[in-house]
Amino acid sequence: MEIIQTCVRGRCPAFFPLTPMLSSSGLSPVSTLLSLKPKASPPRRLFSNTCTRALLENNTSVATKAVELEDDDMSLTIKKRALEISSDLKGTSIFLVGINSSYKSSLGRILADALRYYYFDSDSLVEEAAGGKMSAIAFVEKDEEGYLASETEVLKQLSSMGRLVVCAGNGAVKSTTNLALLRHGISIWVDVPLDLVAREISEDRIQFSASDMPRCGSSSEVQAQVIALYNSAEGGYNTADVVVSLQSECADVASQLGRCDVETVSAEDLCLTVLKGIERLVRAKKMMEEAGRPF
């Protein structure tokens with residue numbers, strides 16, 4: 001598995017002291033309004049236009065700043081919660097399981113950034129090792145068992161390390177060997193509505209791994225294959241230490257606001273729920289360790 005040696009070995013040994021992994025995204029440029037030479041008009045009309053433009057600019061600026069402040073508040077809340085549990089977490093890796101979706105991958109990156117962990121997608125590592133997506137698909141068609149063995153090898157190497165957030169593919173929950181490897185860390189089931197996943201696939205917003213790639217193109221066929229894929233892995237999903245459900249998050253919002261669309265729930269919302277779940281696990285483990293100590 002040369003791809004693992006290239007991407008992981010030497011860069012992220014277990015419990016390696018990491019420097020902060022802060023995103024490099026900057027603020028989007030602010031548009032500047034150019035002053036246009038006004039046509040001859042009565043002073044009263046010119047004053048009215050100037051005030052209107054100033055009011056519009058001010059309202060737009062206030063609205064933009066409000067959104068930015070809200071995003072900053074959420075980011076700070078996530079980082080504060082992550083900081084509170086990081087010492088007790090002791091570098092334990094986190095594995096995200098569940099059917100692939102944009103929520104799952106976004107959650108993984110946000111969580112890794114908050115905990116100052118490295119982020120990896122196990123499916124991508126396997127596909128890169130095979131020579132790319134198309135080569136990986138050909139590999140599956142020619143030797144599916146060999147491809148599944150490659151998935152296990154990648155998971156074995158990742159599970160031997162610390163301070164990782166791993167977005168694990170469906171193969172991670174389909175064998176007892178892989179499920180045992182997940183026990184080296186904390187597993188999180190990211191449960192997303194299947195119709196949402198099918199729509200993301202149909203719109204090319206996400207792609208499945210080579211081993212799970214849908215073979216048909218119509219929306220109804222894709223949805224049927226997504227359901228079949230989910231059913232085949234649900235037993236493995238249920239072994240996860242923490243479950244975070246998009247529908248449950250939406251229900252919580254609806255209880256406060258009266259209504260909620262699942263797509264209004266953000267990956268940041270899910271991240272906060274995951275961190276709370278991890279905190280409960282860490283606290284329970286700590287209590288058990290203290291109870292087992294001799295007096």
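Structure's up top.
Keep in mind it's a predicted model, so treat the numbers as computed, not measured.

A. Region of interest: the overall build of the protein chain. Scanning the protein chain from terminus to terminus reveals 11 helices and 5 strands. Counting over 295 residues, the protein chain shows a buried share of 37%. Taking all contacts inside the protein chain whose residues are at least 6 apart in sequence as the whole, residues at least 24 apart take part in 81%. Total accessible area computed for the protein chain in this model is approximately 17500 Å², and 54% of it derives from carbon and sulfur atoms.

B. Main features of helix H4 (residues 122–130). Listed in full, the buried residues belonging to H4 are Ser 122, Asp 123, Leu 125, Val 126 and Glu 127. Just beyond H4, the residue with positive phi is Gly 131, at close to 105 degrees.

C. Examining the side chain of Asp 191 more closely. In this fold, Asp 191 is placed in strand S4 (residues 186–191). The side chain of Asp 191 sits in the buried core without any salt bridge; Lys 104 is the nearest counter-charge, 11 Å away. Beyond its immediate sequence surroundings of up to four residues, Asp 191 is in contact with Tyr 230, Val 244, Ser 245 and Leu 246.

D. Examining the packing of aromatic side chains more closely. What the rule picks out here adds up to 4 aromatic pairs. Ring geometry for Tyr 230 against Tyr 237: centres 5.9 Å apart, planes inclined by 50 degrees, an arrangement best described as tilted.

E. Molecular detail of the nonpolar core. By size, the foremost hydrophobic cluster in this structure holds 66 residues, and its most contacted members are Ile 94, Leu 115, Ile 188 and Ile 278. Top element by residues in this core is helix H11 (residues 267–291). It accounts for 7 residues. Leaving out residues up to four positions away in the same chain, Ile 278 has contacts with Ile 85, Leu 89, Ile 94, Ile 186, Ile 188 and Val 242.

F. Spatial organisation of the pattern of salt bridges. Applying the stated criterion to the full structure yields 6 salt bridges. In this structure, Glu 279 and Arg 81 form a salt bridge, with 2.7 Å as the shortest nitrogen-oxygen distance. Note that Glu 279 is positioned in helix H11 and Arg 81 in helix H2 (residues 43–89), a separation of 198 residues in sequence. Accessibility expressed as a relative area gives 22% for Arg 81, which makes it partly exposed. Residues Lys 133 and Glu 127 are paired through a salt bridge, measuring 3.2 Å at the closest nitrogen-oxygen approach. Judged by relative accessible area, Glu 127 falls into the buried class, the value being 9%. The network of salt bridges with common partners includes Arg 81, Glu 279 and Arg 283.

G. Layout of the sheet that holds strand S2 (residues 118–121). One open sheet accounts for 5 strands, arranged S2-S3-S1-S4-S5; its pairing is parallel. Strands with a single pairing partner mark the edges of an open sheet, and in this sheet they are S2 and strand S5 (242–245). The sheet shows a mean angle of 20 degrees between the axes of neighbouring strands, taken without regard to direction. Of the strands in this sheet, strand S1 (94–97), S2, strand S3 (164–167) and S4 touch helix H3 (residues 102–115), which is tilted by about 165 degrees from S1.

H. Spatial organisation of the side chain of Glu 151. Within the secondary structure layout, Glu 151 lies in helix H6 (residues 144–159). Although Glu 151 is buried, it makes no salt bridge; Lys 174 carries the closest opposite charge, 7.6 Å away. Sequence-distant contacts of Glu 151, that is, excluding residues within four places in its chain, are made with Asp 123, Val 126, Gly 171 and Ser 211.

Calculation criteria
Residues numbered from 1 in each chain as written. Predicted model: local features only at pLDDT ≥ 70, side-chain atom pairs only at ≥ 80, totals over all residues. Heavy atoms only, no water. Helix = DSSP H or I, 4+ residues; strand = E, 2+ residues; numbered from the N terminus. Buried < 20%, exposed > 50% of the residue type's maximum accessible area, 1.4 Å probe, protein only. Contact = heavy atoms within 4.5 Å. Areas by Shrake-Rupley, 256 points an atom, 1.4 Å probe, with all protein chains shown as cover. Lys, Arg positive; Asp, Glu negative; His and termini not counted. Salt bridge = Lys/Arg side-chain N within 4 Å of Asp/Glu carboxyl O. Phe/Tyr/Trp six-rings, centres within 6.5 Å; stacked < 30°, edge-to-face > 60°. Core = buried A, V, L, I, M, F, W, Y, C linked by side-chain atoms within 4.5 Å. Pairing = 2+ DSSP bridges. Axes fitted to C-alpha atoms, helices over the stretch in contact; angles between N-to-C directions.

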